[in-house]
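Fold and contact review
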Amino acid sequence: MPETIAPAVPPTPPVPLQALLAREDLALRQIAGPADPGIVIHWAHTSEMADPYPYLLGGELLLTAGVHIPEAAGSGTYFEDYVSRIVAAGGAALGFGLAPVHDTVPRALVAACERYGLPLLEVPPQTTFSGVARAVWQLMAQARLAELRRVTEAQQSLAAAASRPDPVPSVLRRLAQRLGGRAVLYGPDGTEVAAAGPQTPEAARTALAQLAGVVRPAPPAPADPGRPHPATAPGPTTAPAAPAGPAARPRHASTAPATRPHPASAPGPAAPPAGPQGRPRPSSTAPLAPAPAASPTAGRPHPTSATDTCGPTHLAVYALGAGAGFVLGVASSRRDPGDHTIASVAAVLLSLLTGEHQSAAGAARSSALVRLLLGAPPEQVAPLLGTAQWLVVHARPEAQAPDAVAASALGAALGSPLVDLADDVVRVLVPADREPAPQSGWTLGVSAAAGPAQWPAADTQAARALARARATRTPLVRHAARPALADLVPAADADTHARTLLAPLAGQAALAETLRTWLSLHGSWDRTAVALGVHRNTVRQRIARCAALLAADLDDPDVRMELWFALRRT
């Protein structure tokens, strides 16, 4: 019998064969093959070829009316060969349509399907093959919608758990509940830091810990002057083979740049069990072999995730952060569509929660925060953050209110972990040597570079730049930092003139801010209303009130210029 190939399944949820048989409008009837509820199909395909093997990808419900069957087929091996080729191609089931060629399903075909374990469905005359295919896609669409809803709900619950006072245990508990299994966080040394969910058998726990070593980056090897360089050292280039258990052979290992399969998932001899650092572990009963001269995987991307099974338990591991050594492990009794996406969301959140406290930069930021809370001035705290000049960025998402995950992702895109999530605006403190770029889905306002003493003023600049960006529908607006005529006037004189000119508006912040925004947008009522989030009639009323209090003609460009000069000093 030809070797059965694995189906090249599409990125859509499979359809249980039992769900298709349950459709009363199709009236399908299984007359041969196993009635296993776990049998699924990935698509429906019609073919009248005597040998459809070269044209099947696997996982199909193959539909045929028997046009290809010769008259003397029942007395030979035709049906045996036909069914064996479908099974070898990975076909999931066979549907045989009655009429107009055959009134009944050939008995030799029924016997062949029973022998090879291929489910055989009888398709009644009133059911078209197109109707069967349409039903398959309808069931797929329903399953896909249910999967997306499940993933969305899980993402929201995980994000909420990450905002709790005990974020890491909360995320693990929520992940274990969503996947119906156990979630484990392993530290850089391979020890179990935290866990949640029902306990798994000892063999599964051991296998999961070993699988975590596959994705954990190995520490750099210390230099040994007495050992020849790997490029010139003689001897074998691979380690001696050792007995391997089921946990040492991950079925799938993925890397960020998907270039080639990880050796653990490639066909061939099984790899030895993985140790805590992702290296082959020698057998416990054999003496330790000398270190190999060169690793056969040198230069290959390190896997970021891997999956395996230990008996009935499904295992999956995910590397957290950029080489920090933390690993998320998941063990569950089943593997449903969407589980990988849900676990990946948890891995991202845990990467943020664990990576923040493991670097010198994170420790310095914590120290800066503590000192500020204890009363130290910003000028003394700023050196801990690594640079003297900063940009303040205000950002608003275009679609919905920002959440913690979106805010962290924005900070990562701008190159800074200093993120503040407010009700509708995200503020990011970015080093001045990193030029912020427009971000898809966000509207940004960027201040001029400022030192700690000027941070409050820079925050105001960023807020005004964001308001202008939203009003003009521009992805990013920077505060103008070039020299102006105002620089020719002494600061004290300019401040005195501004206070005197704007004295009638003192104590009426809404009027002053409306006038400032209106002038910055060249007197546009609509854009000012958008920037301030008010009705355009409200803008008209406020500007009229300003004109009356200032006793000024706001249509006069000289008056506008003088007021703009004064407003820039406040």
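Residues numbered from 1 in each chain as written. Predicted model: local features only at pLDDT ≥ 70, side-chain atom pairs only at ≥ 80, totals over all residues. Heavy atoms only, no water.

**Points about the sheet that holds strand S15 (residues 419–421)**
Strand pairing in a sheet relies on backbone hydrogen bonds, with the paired strands running either antiparallel or parallel. The five strands are arranged S15-S16-S14-S17-S18 in an open sheet whose pairing can be described as mixed. A single partner strand is all that each edge strand has here, and the edge strands are S15 and strand S18 (476–478). Ignoring strand direction, the axes of neighbouring strands in this sheet form an average angle of 15 degrees. Against the sheet, helix H11 (residues 455–472) engages strand S14 (390–397), strand S16 (426–431), strand S17 (442–446) and S18, with an angle of about 35 degrees to S14. (Pairing = 2+ DSSP bridges. Helix = DSSP H or I, 4+ residues; strand = E, 2+ residues; numbered from the N terminus. Axes fitted to C-alpha atoms, helices over the stretch in contact; angles between N-to-C directions. Contact = heavy atoms within 4.5 Å.)

**Considering the packing of helix H13 (residues 509–520) against helix H16 (residues 557–567)**
With their axes 10 Å apart at the nearest point, H13 and H16 run at an angle of 120 degrees to one another. In terms of orientation, H13 lies oblique with respect to H16. In this structure, H13 crosses over H16, and the sense of that crossing is left-handed. Contacts from Ala512, Leu515, Arg516, Trp518, Leu519 and Ser520 in H13 reach Arg560, Leu563, Trp564 and Leu567 in H16. (Parallel < 35°, antiparallel > 145°, perpendicular 65-115°, else oblique. Left-handed = near helix turned anticlockwise from the far one by under 90°.)

**With respect to the confidence of the model for the protein chain**
With 79% of its residues at a pLDDT of at least 70, the protein chain reaches an overall mean of 79. Contacts from residues 222–249, a stretch scored under 50 in pLDDT, to residues over four places away or in other chains number 39 contacts. (pLDDT = per-residue confidence, 0-100.)

**Thoughts on unusual backbone geometry**
Look at the link from Ala99 to Pro100: it is a cis peptide, with omega at 5 degrees. Of note, Pro100 is situated in the loop between strand S6 (93–97) and helix H3 (107–116). For Ala27, which is not glycine, the phi torsion reads 60 degrees and is therefore positive. Inspection of the secondary structure puts Ala27 in the loop between helix H1 (17–21) and strand S2 (29–32).

**Comments concerning the nonpolar core**
Across soluble globular proteins, you tend to see nonpolar side chains buried next to one another. Counting 29 residues, the largest nonpolar core has Leu158, Val171, Leu172, Leu175, Leu328 and Leu350 as its most contacted members. Sorting the residues of this core by element identifies helix H4 (129–162), helix H5 (167–179), strand S8 (181–186), strand S9 (192–196), strand S12 (313–319), strand S13 (327–332) and helix H7 (339–355) as the ones contributing at least two each. Looking at this core, the element that brings in the most residues is H7, giving eight residues. Residues contacting Leu175, with those up to four places away along its chain left out, are Leu158, Ala183, Leu328, Val330, Ile342, Ala343 and Ala346. (Core = buried A, V, L, I, M, F, W, Y, C linked by side-chain atoms within 4.5 Å. Buried < 20%, exposed > 50% of the residue type's maximum accessible area, 1.4 Å probe, protein only.)

**Let's talk about the side chain of Ser157**
With respect to the helices and strands, the residue Ser157 is situated in helix H4. By relative accessible area, Ser157 is classed as buried at 7%. At a separation of 2.8 Å, a polar atom in the side chain of Ser157 contacts the main-chain carbonyl oxygen of Ala154. In this view, Ser157 contacts Arg174 and Arg178; residues no more than four positions away in its chain are not counted. (Polar contact = N/O pair within 3.5 Å; in protein donor to acceptor, adjacent residues only side chain to side chain.)

**Points about the packing of H11 against helix H14 (residues 525–532)**
One way to put it is that H11 packs onto H14 with a least axis distance of 8 Å and a crossing angle of 130 degrees. Classified by the interaxial angle, the pair formed by H11 and H14 is oblique. H14 is crossed by H11, and the crossing has right-handed handedness. Contacts between H11 and H14 involve Ala467, Arg470, Ala471 and Thr472 on the former and, on the latter, Arg527, Val530 and Ala531. Tallied by class, residues from the contact of H11 with H14 come to four nonpolar, one polar and two charged. (Nonpolar A, V, L, I, M, F, W, Y, C, P; charged D, E, K, R; others polar.)

**Quick word on the pattern of salt bridges**
Pairing between side chains becomes possible if they bear opposite charge and their charged atoms approach one another. Scanning the model with the defined rule gives 16 salt bridges in all. Two residues, Asp51 and Arg85, come together in a salt bridge whose shortest N-O distance is 3.2 Å. Separated by 34 residues along the polypeptide, Asp51 in the loop between strand S4 (43–46) and strand S5 (60–64) and Arg85 in helix H2 (residues 78–88) bring together distant segments of the chain. Through salt bridges that share partners, Asp420, Arg427 and Asp459 make up one connected network. (Salt bridge = Lys/Arg side-chain N within 4 Å of Asp/Glu carboxyl O.)

**What to know about the packing of aromatic side chains**
Considering all chains together, one arrives at three aromatic pairs under this definition. Between Tyr78 and Phe79, the aromatic rings sit 5.6 Å apart at their centres with planes inclined by 85 degrees, giving edge-to-face as the arrangement. Residue classification places Phe79 among the buried residues on the basis of a relative accessible area of 5%. With centroids separated by 5.5 Å and ring planes inclined at 35 degrees, the aromatic side chains of Trp518 and Trp525 adopt a geometry described as tilted. (Phe/Tyr/Trp six-rings, centres within 6.5 Å; stacked < 30°, edge-to-face > 60°.)

**As for the sheet that holds S4**
One open sheet holds the five strands; their spatial order is S2-S7-S6-S5-S4, and the pairing between them is mixed. Across the chains shown, the open sheet's two edge strands, defined by having one partner strand only, are S2 and S4. Averaged over neighbouring strand pairs, the angle between their axes works out to 30 degrees when direction is ignored. In this structure, S4 lies alongside S5, joined through four bridges in parallel fashion. If you follow His45 over to S5, its bridge partner there is Leu62. Along the sheet face, H4 touches S4, S5, S6 and strand S7 (120–123) and points at about 165 degrees away from the line of S4.

**Side note on the pairing of strand S11 (residues 305–310)**
Most of S11 sits inside the fold, with six of its six residues counted as buried. With burial as the criterion, each face of S11 is covered, one bearing Ser305, Thr307 and Thr309 and the other bearing Ala306, Asp308 and Cys310. With six bridges joining them, S11 and S12 adopt antiparallel strand pairing. Bridged to Thr307 within S12 is Ala316.

**Some remarks on the side chain of Ser416**
Note that Ser416 resides in the loop between helix H10 (404–414) and S15. In terms of polar contacts, Ser416 uses its side chain to reach the backbone amide nitrogen of Leu418, at 3.2 Å. Each residue touching Ser416, except ones within four places of it in the same chain, is listed here: Gly411, Val428, Leu429, Val430, Pro431 and Arg434.

**With respect to the environment of Ala93**
In this structure, Ala93 sits in strand S6. Sequence separation between Ala93 and Gly33 is 60 residues, and the spatial gap between their C-alpha atoms is 8.7 Å. Dropping the residues within four chain positions of it, Ala93 is found in contact with Leu17, Glu60, Leu61, Leu62, Leu118 and Pro119.

**Some words on the pairing of S13**
Within a regular strand, the side chains alternate between the two sheet faces. For S13, a buried count of six out of six residues is recorded, marking the element as mostly surrounded by other parts of the structure. Every second residue of S13 is oriented toward a common face, with Val327, Gly329 and Ala331 on one face and Leu328, Val330 and Ser332 on the other, all of them buried. Bridge analysis of S8 against S13 gives six bridges, and the strand direction is antiparallel. Among the inter-strand pairings, Tyr186 is bridged to a residue of S13, identified as Val327. The pairing of S12 with S13 spans six bridges and is antiparallel. Bridge pairing in S13 links Tyr318 to Leu328.

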